[in-house]
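# Structural overview for review
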Amino acid sequence: MTTPPPSPVETALTRHAGIELPLICGAMFPCSNPELVAAVSAEGALGVFQPVSLTFVHKHDYREGVRLMRRLANGRPIGMNALIEASSRTYHERMVRWVEIALEEGVRFFVTSLGNPRWVAERVHAAGGVVYHDVTERKWGDKGVAAGVDGLIAVNQRAGGHAGAKTAEALIDELAPLGLPLVCAGGVGTPAEFVAALKMGYAGVQMGTRFIATHECTAHPRYKDAIVRAHEADIVLTERLTGVPVAVINTPFIQRMGLRAGPFARWMFRRRRTRHWMRTIYALRSFFSLSRAHGRADVERDYFQAGRSVRGIDSVESVADIVGRFRAAWHESFASRVH
Ligand SMILES: Cc1cc2nc3c(=O)[nH]c(=O)nc-3n(C[C@H](O)[C@H](O)[C@H](O)COP(=O)(O)O)c2cc1C
């Protein structure tokens, strides 16, 4: 671990999360292995862990896994991703327990996705923590504000994972009036793109794809290599994984399968009463397919999830090197602003 100089510029995100650089390694199912999350935090940015990845993919006991990350991060903050769509009572109860344990283990930064984040905000605020909510448009931002969250992660159309439909510029325009700190998620893979997002008015940046192509991520080398080799035009959105568009590299497997859900699946998704079943079927299918794919080489059969930030990623690096370059660019840009 390098000893970073103090942050020259605070943002609402650095204050809220207690970090030095306004940079988050976003939660990634199944790529958020504890060593990756902790390495990002140890460098003064924020690693956010994904509980399903931690327990089911990377096979850690939940509490011990959180402790491991806290230890590896040398006491620096880590964050937790709470995917709160209440698909079943059992899942909800498990998520409540996971949030409780994270709080008991000293986690104070939470990122909520889907669903209504009110219960997370209430519980986390009572413990002195903060909650940022993932949104792709104003409607979800309003919901986050009503639920009392402290910030919004604005997921744009260039993002890996479940991409939004709008540009980073359009999102900041429609979300800024809500008065909460905004984090730009999607399309950032280089220090220049990081600085550009901060100059646009974002309080921070959340990256995913860039951190998969690191030595600390345990994804298979062929997945990392596919990210390094991919061009922006190779990223397509497929509905075949979860029923809603997910950004993937256009491998021969994806080409063979097609990008749209079949007519029966679409019909089931449209109906309120059957949507829940379809989501469960798709979630289970993607869960098994992605968990199996993690750490395995099978370009013929597997999905490689990645965002348009592949554009600026041309080698597999260490987390320290990446965060160091982003920090230097941010320092430089700040210095050029004060002169
Ligand atoms: C492989 C992969 C899995 C992801 N899984 C999740 C997830 O489980 N929960 C979540 O909130 N976001 C998830 N995301 C989104 C990331 O946290 C982040 O917002 C996104 O990757 C930013 O875009 P970028 O990949 O262009 O940097 C995932 C992204 C990727 C690439």
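Please refer to the structure higher up on the page.
I will try to describe carefully the structure that is included in this document. Only a predicted model underlies this, so the values are computations on that prediction, with no experimental measurement involved.

## Some words on the overall build of the protein chain
The number of helices and strands found in the protein chain is 15 helices and 10 strands. For the protein chain, the proportion of its 339 residues judged to be buried stands at 55%. At a minimum sequence separation of 6, the contacts of the protein chain that also span at least 24 residues come to 63%. Looking at the protein chain as shown, the accessible area adds up to about 14600 Å², and 54% of this sits on carbon and sulfur atoms.

## A word on the nonpolar core
Ranked by size, the top nonpolar core spans 77 residues in total, and within it F49, M80, F110, F194 and F211 carry the most contacts. Sequence-distant contacts of M80, defined by excluding residues within four places in its chain, comprise V48, F49, P51, Y62, M95, W98, V99, A102, V107, F109, F110 and V111. L46, V130, I153 and A185 belong to the second largest nonpolar core, which has 16 residues in total.

## A word on the layout of surface pockets
Approximately 200 Å³ is the volume found for the second largest pocket. Lining the second largest pocket we find 15 residues, and of these R158, A168, E169, G186 and M200 sit closest to its centre. Considering each element in turn, the lining of the second largest pocket owes the most residues, 4 residues, to helix α9 (residues 191-200). Broken down by class, the residue content of the lining of the second largest pocket amounts to 6 nonpolar, 5 polar and 4 charged.

## A few points about the environment of P221
Inspection of the secondary structure assignment puts P221 in helix α11 (residues 221-229). You can call P221 exposed: its relative accessible area is 54%. Separated by 95 residues in sequence, P221 and V316 place their C-alpha atoms 9.1 Å apart.

## Some thoughts on the sheet that holds strand β7 (residues 182-185)
The parallel closed barrel is built from 8 strands, whose spatial order is β1-β2-β3-β4-β5-β6-β7-β8. In this sheet, neighbouring strand axes are inclined to one another by 25° on average, regardless of whether the strands run parallel or antiparallel. In the sheet, strand β1 (residues 23-25) pairs with strand β2 (residues 46-49) via 2 bridges, with the strands oriented parallel. Note on β2: the bridge partner recorded for C25 is G47. Each of β1, β2 and β3 (78-83) touches helix α2 (residues 34-42); the most contacted strand, β2, lies at about 155° to it. On the sheet, helix α5 (residues 89-104) packs against β3 and β4 (109-113) and is oriented at approximately 170° with respect to β3.

## Description of the state of the cysteines
Under the definition given, this model contains 0 disulfides. The thiol of C217 is not disulfide-bonded; the next cysteine sulfur, from C31, is found 5.0 Å away. According to the relative accessible area criterion, C217 is buried, its value standing at 2%.

## Re the site of the ligand
Residues in close proximity to the ligand total 22 residues, the closest being A27, Q206, G208, T209 and S309. Take D134: an N or O atom from its side chain is 3.2 Å from an oxygen atom of the ligand. A distance of 2.8 Å separates an oxygen atom of the ligand from a polar atom in the backbone of G208. Each residue belonging to the shell around the ligand can be placed in one class, and the counts come to 7 nonpolar, 13 polar and 2 charged.

## Points about the packing of aromatic side chains
Under the defined criterion, the tally for this structure stands at 6 aromatic pairs. Taking 5.3 Å as the distance between ring centres and 50° as the angle between the ring planes, the aromatic pair formed by F194 and F326 counts as tilted. In this pair, F194 is assigned in helix α9 and F326 in helix α15 (residues 319-338), connecting sequence segments 132 residues apart. With a centroid separation of 5.1 Å and an interplanar angle of 15°, the aromatic rings of Y223 and F304 are classed as stacked. Here Y223 is found in helix α11, whereas its partner F304 is found in the loop between α14 (272-293) and α15, with 81 residues between them in sequence. Taken individually, Y223 and F304 each receive the classification buried, so the pair is uniform in this respect. Each residue in the set F49, Y62 and W98 is aromatic and connected to the rest through ring pairs, giving one cluster.

## Some points on the environment of V107
Relative to the helices and strands, V107 resides in the loop between α5 and β4. Overall, the relative accessible area of 0% leaves V107 in the buried class. Along the primary structure V107 and I78 are separated by 29 residues, whereas in three dimensions their C-alpha atoms are 6.3 Å apart. Among all residues touching V107, those that are not within four sequence positions of it are F49, V66, I78, G79, M80 and A102.

Definitions and cut-offs
Residues numbered from 1 in each chain as written. Predicted model: local features only at pLDDT ≥ 70, side-chain atom pairs only at ≥ 80, totals over all residues. Heavy atoms only, no water. Helix = DSSP H or I, 4+ residues; strand = E, 2+ residues; numbered from the N terminus. Buried < 20%, exposed > 50% of the residue type's maximum accessible area, 1.4 Å probe, protein only. Contact = heavy atoms within 4.5 Å. Areas by Shrake-Rupley, 256 points an atom, 1.4 Å probe, with all protein chains shown as cover. Core = buried A, V, L, I, M, F, W, Y, C linked by side-chain atoms within 4.5 Å. 1 Å grid on protein atoms, 1.4 Å probe; cavity = no way out; pocket = protein on both sides within 12 Å on 5 of 7 lines; lining within 4 Å. Points joined across faces, edges and corners; volume = space filled by probe spheres on them. Nonpolar A, V, L, I, M, F, W, Y, C, P; charged D, E, K, R; others polar. Pairing = 2+ DSSP bridges. Axes fitted to C-alpha atoms, helices over the stretch in contact; angles between N-to-C directions. Disulfide = S-S within 2.5 Å. Near = heavy atom within 4 Å. Polar contact = N/O pair within 3.5 Å; in protein donor to acceptor, adjacent residues only side chain to side chain. Phe/Tyr/Trp six-rings, centres within 6.5 Å; stacked < 30°, edge-to-face > 60°.

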